[in-house]
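So the chains spell out like this:
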Amino acid sequence: SMMVIGIVIGSGIFMTTGLMAEAIPSASLILLAWVLGGLQMLAGALTYAELGAAMPKAGGQYVFLREAYGQLPGFLFGWIAFVAYISGTNAALAIAVAEHVGSFYPSLTTQNIIIDVGSFSISGGQIFALSLILILSIINYLGIVFGKWIQNIFTVLKIGSILLFALTGLFISTGNHIDMSLNTTNMSIGSILTGMGIALVAVNWTVGGWEYITFAAGEIKNPKRNLPLALIIGTVTILTLYFLVNIAYLKVLPMDSLIGEIKVGEMTARSLYGPGIGGLFVLVIIVSMFGALNGNILVGSRVYYAMAKDHLFFSKAADVHPKFHTPGNAIIIQGLWAAVLTLTGTFEELITLVVFVNFMLWIASASTVFVLRKKQPDLDRPYKVWGYPYVPAFFIIFSSAIMVNTFFKSPEQSLMGLGLTLLGIPAFWYWKKKK
């Protein structure tokens, strides 16, 4: 469960509440969005726990999809991970680091436009983010792995500081009270529902990542018992932390200063502790995102490496570096593409793209629970999802509703995600033929 917590707590919790407030400017609705997103995440985690415990091989969703639907859907998972889901997450994390480093060096935010050609512009923040991805990719290429213990120390620091932060926020009186009345007088039911959908995209970005542990299921001791446990304990811990932090944000910042604010964590810290300690907290946030970005570069490259070994990716990506023993080419290809993605959008645009394609993957992977129970009834299932078939069905229906809403609210990012996915079909036939 340390691994679940380490990967999931990246940038979202420090950044998304302001985007949510823009969509639904009401404290009770924001907290309700966290509860609903939390239930959705738990339902997803329970569904994945059955799949991961029954097929504890490295590769996670790739394996579930391949077993249930055959090679093309399995390939498309890896392809989307490459073109949008993992690389897009890396781009968004790098932009998030840039925004916070920009608190100390203003020229490095995405507000500082350097190149402006028609509708296309490049900011100082994007250049910084791009460099950061390339540097971390090179470090991972050279095999200087930041070691599991560093990842664990980062995680402990991260949980500790978030807890400290939430508790101080809850106990220091700020003279600003949370207005729990619905105060949605000027919002129609329709706009509340679509606003909720947008807020849930932010929640899903923040809690996403719990499924990564299934990539490493092959390395967990006694996965039959421990994988479901890690998923459940991990998710409940994270949700409790996030809920407390959000109460702290709402208690410290009045709603109008919260709306649209991307650096909510930093703003709250500065108003709680003054600029000095507030500045120190920004460093904790940067370290947190840096750790998540490094973990991501490591996990992602392993997925493409596995695909290349199946001859379904650039054949060079299957090479292990003779001296550094890392999947070097896979890391570099991933790094270059993530760097390109940093030039395509802001933090909010990037997370929308990621969450949209992520929903496609989640829905497809969760549906394999039904297919595999029919297709492989004799498979040893040490854990069966509680509340079958309602729990997986809730996860699938709820995710589909948010996905459809995202499509209508952000057609550009959604179409980009769909377009990149469809490109995977000719790519699949190309590699298949080559093989």
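Structure first, text after, so check above.
At a minimum axis separation of 8 Å, helix H3 (residues 27–54) and helix H14 (residues 390–409) run at an interaxial angle of 130°. Between H3 and H14, the interaxial angle falls into the category oblique. Of the two possible hands of crossing, H3 and H14 adopt the one that is left-handed. Each of Leu36, Leu39, Gln40, Ala43, Gly44, Leu46 and Thr47 in H3 lies in contact with H14, whose residues at this interface are Val391, Pro392, Phe394, Phe395, Phe398, Ser399 and Ile402. Considered class by class, the residues forming the contact of H3 with H14 number 10 nonpolar, 4 polar and no charged.

Looking now at a nonpolar patch on the surface. A grouping of Phe104, Tyr105, Ile277, Leu280 and Leu283 is seen on the molecular surface, where their side chains present a nonpolar patch of about 520 Å² in accessible area. Note that Leu283 resides in helix H11 (residues 264–309).

Take the environment of Ile139 next. Examined against the element boundaries, Ile139 turns out to sit in helix H6 (residues 124–141). Between the C-alpha atom of Ile139 and that of Ile331, which follows or precedes it by 192 residues, the distance is 9.9 Å.

Right, let's get into the pairing of strand S2 (residues 120–123). In the case of a regular strand, side chains alternate between the two sheet surfaces. Where strand S1 (residues 113–117) meets S2, 4 bridges bridge the pair, whose relative direction is antiparallel. Looking across to S2, one finds that Ile113 is bridged to Ser123. What sits between S1 and S2 in their antiparallel hairpin is a turn of 2 residues, with Gly118 showing a positive phi close to 60°.

As a further point, take the nonpolar core. Judged by nonpolar contacts, the single largest core of 131 residues is most densely connected at Phe75, Tyr85, Trp210, Tyr242 and Phe347. Counting residues per element, this core draws most heavily on helix H5 (residues 71–101), which supplies 19 residues.

The next thing to look at is the pattern of salt bridges. Scanning all chains against the criterion turns up 4 salt bridges. Here Arg381 ties to Glu50 by a salt bridge, and the two come within 3.4 Å at their closest N and O atoms. Of this pair, Arg381 sits in the loop between helix H13 (347–375) and H14 while Glu50 sits in helix H3, and the two are 331 residues apart along the sequence. Looking at Glu50, the relative accessible area reads 2%, which means it is buried. Its salt-bridge partner being Arg270, residue Glu266 comes within 3.0 Å of it at the nearest N-O pair. One end of the pair is Glu266 and the other is Arg270, both in helix H11 and 4 residues apart, which spans about a single turn. Owing to a relative accessible area of 7%, Glu266 belongs among the buried residues under this scheme. We classify Arg270 as partly exposed; its relative accessible area is 28%.

Relative to the elements of secondary structure, Gln40 occurs in helix H3. When residues no more than four places from it in sequence are discounted, the contact partners of Gln40 are Asn204, Phe359, Trp362, Phe394, Phe395, Phe398, Ser399 and Ile402.

What counts, and at which threshold
- Residues numbered from 1 in each chain as written.
- Predicted model: local features only at pLDDT ≥ 70, side-chain atom pairs only at ≥ 80, totals over all residues.
- Heavy atoms only, no water.
- Axes fitted to C-alpha atoms, helices over the stretch in contact; angles between N-to-C directions.
- Helix = DSSP H or I, 4+ residues; strand = E, 2+ residues; numbered from the N terminus.
- Parallel < 35°, antiparallel > 145°, perpendicular 65-115°, else oblique.
- Left-handed = near helix turned anticlockwise from the far one by under 90°.
- Contact = heavy atoms within 4.5 Å.
- Nonpolar A, V, L, I, M, F, W, Y, C, P; charged D, E, K, R; others polar.
- Patch = residues over 30% accessible without salt bridge, like charges linked within 9 Å, V, L, I, M, F, W, Y side chains within 5 Å.
- Areas by Shrake-Rupley, 256 points an atom, 1.4 Å probe, with all protein chains shown as cover.
- Salt bridge = Lys/Arg side-chain N within 4 Å of Asp/Glu carboxyl O.
- Pairing = 2+ DSSP bridges.
- Core = buried A, V, L, I, M, F, W, Y, C linked by side-chain atoms within 4.5 Å.
- Buried < 20%, exposed > 50% of the residue type's maximum accessible area, 1.4 Å probe, protein only.

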